[in-house]
Each structure stands twice: as structure tokens, then as C-alpha cells.
Amino acid sequence: RSSAPSPAAGARSAAASPAPELAPPADVGAALRGASRPPLPRGVDPALEIAAQLEEEAASRERLNALHARFGENAARERVQRVRSLDRAEQRSKRLEAEQKRQKAEEDLARAEECRRRAARRAASEQRAKREAEQQEVERRFIENARRDADRTAGRQYA
């Protein structure tokens, strides 16, 4: 016989030992709302998981109460206000920085636009000067040719 299992035997062994399945989430409502909690492995009791979470929350509340008893609730409020104030100051500075960047960008844009206008005026002026120079050259040649023709004509008349 061969040592490889037959396909039928493989199917029987797969049916005999089911693949590990995941239990439904403890809080179906939270799962529907999109709460991201890893699924519990099969065999873990959701009630025990919830109890552990409640114990953690109670311990957190106890730590908070102990801090309030030690330092006073007002100190905690002041700390929170100080952090919020720092956050507001940071947001204000970010707004001011963004406003300064916007103003600088506007100034740069205005400078660039003025530079483009000057360049366009300069180019138009150069083209106009070139046209005028060409026109003057054409007129000069015309006058020179007319003078030559007049000199030739006058030379023939007096010759």
C-alpha cells in the first residue's frame, strides 16, 4: 500500500476535525456599528470578556477617583483647561501661520504679475521700435533711390 492518504480518507478526516470557527462578537450591536474588536476564538465566553472590560473600566475610574482625592478635582479640571488652552493657542498660531503664508503667496503673485506686465510692455516696445526702424530704413532707401533716379535724370538732361 502507499503511505499517501486517499482523497476519501482526507475528506473523512476533515469532517472528523472541524476547522476552528470564530464565535460571534459579544456585542452584535457594536459589531454592526463598526466597532473594531477582534473576533473571539471559539471557546472564549463573551460574558467573561465583557466582565473583564467592565473590571478594566472600574479600575480606570478608581484610579481617576484616587487622583481626584489626592490632587483635587479642581487640579484635574485646571490640567484639562491648560491642555485645551495650549491646543487653542497652537490652533491660533497655525491659523496665523496659514494666514501669513496666504498673504505671502498673494504678494508673490502680485509681484509676478507686475513682472509679467513689465515684460509684456518691454516686448511690445521692442517690437514697436523694430517696426519703426524697419519703416525708417524703407523710407531712407526709397528717398535714396529717388535721389539717384533724379540725379541720373538730371545728368541725362544736362549731358
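Just so you know, these numbers come straight off a predicted model, no measurement behind them.

If you tally the helices and strands in the protein, you get four helices and zero strands. In the protein, the succession of α and β elements from N to C terminus is α-α-α-α. Of all 159 residues assigned to the protein, the portion counted as buried reaches 3%. Carbon and sulfur atoms make up 54% of the accessible area of the protein, which totals about 14300 Å².

Quick look at the confidence of the model for the protein now. Caution applies to low-pLDDT parts of the model: their predicted coordinates are not meant to be read in detail. Chain-level statistics for the protein give a pLDDT mean of 79 and a share of 73% at 70 or above. Predicted confidence in the protein is weakest over helix α1 (residues 7-16), with a mean pLDDT of 47, and strongest over helix α4 (residues 73-158), with 92. In the model, residues 7-25 has pLDDT below 50 throughout and makes eight contacts with residues more than four positions away in sequence or in other chains.

Overall, the coordinates contain 15 salt bridges when judged by the stated rule. A salt bridge links R118 to E114, with the nearest nitrogen and oxygen atoms 3.7 Å apart. Residue R118 and its partner E114 are located together in helix α4, separated by four residues, close to a single helical turn. The class for R118 is partly exposed, based on a relative accessible area of 42%. Overall, E114 belongs to the partly exposed group, its relative accessible area being 28%.

Glancing now at a positive patch on the surface. A cluster of basic residues, R84, R88, R92 and R95, forms a positive patch at the surface. On the secondary structure map, R92 appears in helix α4.

The rules behind each value
Residues numbered from 1 in each chain as written. Predicted model: local features only at pLDDT ≥ 70, side-chain atom pairs only at ≥ 80, totals over all residues. Heavy atoms only, no water. Helix = DSSP H or I, 4+ residues; strand = E, 2+ residues; numbered from the N terminus. Buried < 20%, exposed > 50% of the residue type's maximum accessible area, 1.4 Å probe, protein only. Areas by Shrake-Rupley, 256 points an atom, 1.4 Å probe, with all protein chains shown as cover. pLDDT = per-residue confidence, 0-100. Contact = heavy atoms within 4.5 Å. Salt bridge = Lys/Arg side-chain N within 4 Å of Asp/Glu carboxyl O. Patch = residues over 30% accessible without salt bridge, like charges linked within 9 Å, V, L, I, M, F, W, Y side chains within 5 Å. Lys, Arg positive; Asp, Glu negative; His and termini not counted. Charge placed at Lys NZ, Arg CZ, Asp CG, Glu CD.

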